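For reference, the chains in residue letters:
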Amino acid sequence: MGVLSKLHPLRSHSGAAQGGINAALDPKDSVKDHVYDTVKGSDYLADQDAAEILCKEAGPTVIEMEHMGTIFNRAPDGSLDRRAFGGASYNRTIYAADRTGLALLQALYEEVGRDRKIRVYEEWDAIDLIVRDGRVQGVVAMERKSGHIEGFAAKAVVLATGPAGRIYGKTTNSHESTGDGCALAYRAGAFLKDMEFVQFHPTCLPHTSILITEGARGEGGILRNAKGERFMERYAPHFKELASRDVVSRAIVTEVREGRGFPDGTVRLELMHLGKEKVESKLQEIVSYSRTFAGIDPVVEGIPVFPAQHYMMGGISTNPKAETNISGLYAAGEAACVSVHGANRLGANSLLETLVYGKIAGQNAAAYAKTATASTLSQADVEASQNTVHALLERKDGETPAKIRTEMQSTMDELVGVYRHPDDLINAITRISQLKVRYTKCIVTDKSTTFNLNLIEAIELGHMLDLAEVIVAGALARTESRGAHVRTDYPKRDDQKWMRHTLASVTKEGPNLTYLPVTVTEFQPKERAY
Amino acid sequence: MTQVPFEILRNDGKSGQSHFQSFVVDVEENQAILTALLKIRSEQDPSLAMRYSCRQAICGSCAMRVNGKSRLVCTTMVGPEFRAHGKIRIEPMLNQMVVRDLVVDQTPFWDRYNAVQPFLIHDPSHPMPEGKETRMSPEQVEQFYETPRCIACAACYSACPAVGSDPEFLGPMALAKLYRFTVDPRDTAYHQRLQSVQNQKLWLCLRCNLCVEACPKDVRPAERIVDLKRLAVQEIGTPEHGSRHAQKFLTNIEDGGVLNETKLARETLGLFGMLGQVGKGISMMRHGKSLKKHPPIQGVSEVKAIYADLNQPEDLKGRQRPAGKGVKGGEQ
């Protein structure tokens, strides 16, 4: 078994997850309530069978990670401490200060290092997914250090390649979050599901879009506009700041658009009333982010915040066994869409989904590999990838990938944001397809075989443009407002027509959209109020 | 916008030659140096090789030297560096071979990390509570105050003058990681872990504190090394040179208020061991160091009083830890 990672595994973006991981561990809480909150948060687009697995496995997963060595915060009695989180009817978010992702990532990586039976290939970029004879045959990857391109024959492949947030300019995601696995799977014939559902996190620092965790509101943080009003009381009288993320993001955008924001176009997240000790101990990272990147001290003043792209609810379409439509190909984490997040993910459900469905994917991939015949990945596959890369390197004149990337990001920021106007979406489709044409002529000026980032960013840009096209196509087709997808011309949810998942598959003319019914078990859709 | 001159040490990774290249970048002073470097990449020279990802001091990718100091460029701001030096000089980290430009081969850093068995070791004959978390007291949790913050950026490793001088020495990050497991109540390899780092692996630390200054997450590795040394002496005494040197240094000063190098060497190494040090002794004398016995200083009674105070039983677990100061933003 091998793990290919474009970064050293400890540098993965999971480490940036701050707030926590949901699990109904308290005897007064229940798995059923967790499922309900998740389904309600999803605006009823989540598949309820998948959500049931997620919430049922949550407790055992958190305990397993604790036994593995994760350092969680503790209550005074020594048990796992819990904090409140958005859209949750009970305080069920287990956490490690405001770096829960880092704590879990470290423990899991430490476990990989225990017996060294898993070979980790660090700083290898997957550049092709080989699918033939109706099943996956492996991947072709390039080593950053040497530029060497090699084939990795595999009976089964699990894609856990994370987010694609860098399609947007204003994103909380890391620079390496370029959706590579999603794009490779899509090109190889896998379905992408519900890509139009893009989560905008309500509280991000201006300019840098650095995330200020929902845990800050979970610990009691309050949002105020420039008039000093606690405006969430108007949008979500019951949950207020802890309404689901789509609700809070829309409220902030509306406040600022209607002139009640601060001159810098933000609102304020106030933590001052919580006291220095609580803020500095439970929210260590965000205290330093505020001081370093915004020059303000949250112990004494409000943090300027505005929504930014944060999470893709959509991804490679999987079923509750983490299987894709391609035999031997599995996916989990943000790259996948099973779907448990539906149209809007609840905070602290992403680390949970990654661990629960990551484990399911691993187990099923291992079982599949035991019965599958040998991979037919050959030197010809490797040479085909090498030729593509060489052709890219040999192009003589054209634009730089950086220029096209910047235009793609501003297109998505301006036209495919929290509120979506049909004219904007049509405009975005045109612009993305023009950028795709320009991309075929972009040049890589760096010809080195050693750590050639210029080449890698050109490859990543191709991935992101493919995904941007699918996001916009899905958004234009979905003539309703549900969760994080809000159409200005169709402001209401339309269960009659749209209680279904979007499936995108690749064609020469662009994405072909088909639809799949939502699995409903216990919770019939009803109006969503917080 | 300010026009900020940058000098970046380039190395194509093939010829073995390094040279400084100058760039001028239009950048806000309150922006991170990473932002300026990315501007160079996208507007001036896309061939500049470097590691970076999260831009918020959590992935640990972008450690390099900024005006000579090992820093994460994502949380080191342009303004203070520019104002203090008139330019910003960027070089790759030290103690690791350059792959290309600002990218270094981190193999020696990760080898040391792997050498401390960086995973929970739990005796299966004492199983963890089934289906439940292990309980931890607030005092036990307090031991984890700094070390979970470590992002393995290797800034401390780059700043450390000892890792380059002796391949045995594990260096600040690996030892801080070892401390994290040593104090973990779930870990049952306490003795084995402390036993495994005797001599140069642990005791070579010079206590120069450069790792504390370099660490962007305030893990304060040098303090964790001191913690480990204390635990090691408590658990296994002073069976080898490193710990014995520290112990004898202590009694040496207590006796006379001044360091007696000859006595220290004899007590640490024994008479046979001293033979190997003859050359060093001659060299020291040549440089004007007296190896004669030093008479006790005048205020030796005050020294003894200080020792008496320090020797009061100390509750290691209950000690007050200062609140973390968090991510460094340039020069604060």
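Residues numbered from 1 in each chain as written. Chains lettered and ligands numbered in written order. Predicted model: local features only at pLDDT ≥ 70, side-chain atom pairs only at ≥ 80, totals over all residues. Heavy atoms only, no water.

What follows is about the sheet that holds strand β1 (residues 2-11) of chain B. All names here are of chain B. Taken in spatial order, the 5 strands line up as β2-β1-β5-β3-β4 in an open sheet, and their pairing is mixed. Unpaired on one side and paired on the other, β2 (18-27) and β4 (69-72) mark the two borders of the sheet. Ignoring which end each strand starts from, the neighbouring axes of this sheet average 35 degrees apart. The sheet contact formed by strand β3 (residues 63-66) and strand β5 (residues 88-91) spans 2 bridges and is antiparallel. Bridging from a neighbouring strand, valine 66 pairs with isoleucine 90 of β5. Those strands touched by helix α1 (residues 33-44) are β1, β2, β3 and β5, and its axis lies near 100 degrees from that of β2. Lying on the sheet, helix α2 (residues 78-85) is in contact with β1, β2, β3 and β5; it crosses β1 at an angle near 85 degrees. (Pairing = 2+ DSSP bridges. Helix = DSSP H or I, 4+ residues; strand = E, 2+ residues; numbered from the N terminus. Axes fitted to C-alpha atoms, helices over the stretch in contact; angles between N-to-C directions. Contact = heavy atoms within 4.5 Å.)

Our next topic: the sheet that holds strand β2 (residues 21-22) of chain A. All names here are of chain A. The sheet built from 3 strands is open, its strands ordered β2-β4-β3 with antiparallel pairing. Strand pairing shows two members of the sheet lacking a second neighbour, β2 and β3 (82-83), which therefore form its edges. Relative to strand β4 (residues 93-94), β2 is paired through 2 bridges, and the arrangement is antiparallel. In the sheet register, isoleucine 21 faces β4, and the bridge partner there is isoleucine 94.

This part takes up the pattern of salt bridges. Per the stated rule, a full pass over the model turns up 78 salt bridges over all chains. Between arginine 230 of chain A and glutamate 241 of chain A there is a salt bridge; the shortest N-O distance is 2.7 Å. With arginine 230 of chain A in the loop between β12 (222-224) and α6 (232-235) and glutamate 241 of chain A in the loop between α6 and α7 (245-257), this pair connects stretches of sequence that are 11 residues apart. Among the ionic pairs, arginine 220 of chain B bridges to glutamate 146 of chain B, the shortest N-O distance being 3.5 Å. In this pair, arginine 220 of chain B is assigned in the loop between α9 (210-214) and α10 (221-236) and glutamate 146 of chain B in the loop between α4 (138-142) and α5 (155-159), connecting sequence segments 74 residues apart. For the pair formed by arginine 220 of chain B and glutamate 146 of chain B, the shared burial category is buried. (Salt bridge = Lys/Arg side-chain N within 4 Å of Asp/Glu carboxyl O. Buried < 20%, exposed > 50% of the residue type's maximum accessible area, 1.4 Å probe, protein only.)

Next up on the list: the domain arrangement of chain B. All names here are of chain B. One can read the domain layout of chain B as domain 1 (2-98), domain 2 (107-124 + 137-236) and domain 3 (242-310). Taken together, the contacts link 14 residues of domain 1 with 17 residues of domain 2. Counting each side, the surface lost to burial between domain 1 and domain 2 is near 1,100 Å², with a carbon and sulfur contribution of 52%. Considering only the side of domain 1, the residues that lose the most area to domain 2 are Ser70, Asn95 and Gln96, jointly responsible for 41% of the buried surface there. Connecting domain 1 to domain 2 are 2 salt bridges. Where glutamate 213 meets lysine 69, a salt bridge forms, and the shortest distance between an N and an O atom there is 3.3 Å. Looking at the side of domain 1 that touches domain 2, the elements that each hand over two or more residues are β3 and β4. The leading source of residues in the side of domain 1 that touches domain 2 is β4, at 4 residues. (Domains from an automatic or database assignment. Buried area = accessible area lost by both parts, 1.4 Å probe.)

Within the largest apolar cluster, 134 residues are counted, with the highest numbers of intra-cluster contacts made by Phe6, Leu37, Met50 and Ile90 of chain B. Each of domain 1 (2-98) and domain 2 (107-124 + 137-236) of chain B accounts for three or more of the residues forming this core. Leaving out residues up to four positions away in the same chain, leucine 37 of chain B has contacts with Phe6, Ile8, Leu48, Met50, Met64, Val73 and Ile90 of chain B. Phe152, Leu159, Ile167 and Phe200 of chain A belong to the second largest nonpolar core, which has 53 residues in total. (Core = buried A, V, L, I, M, F, W, Y, C linked by side-chain atoms within 4.5 Å.)

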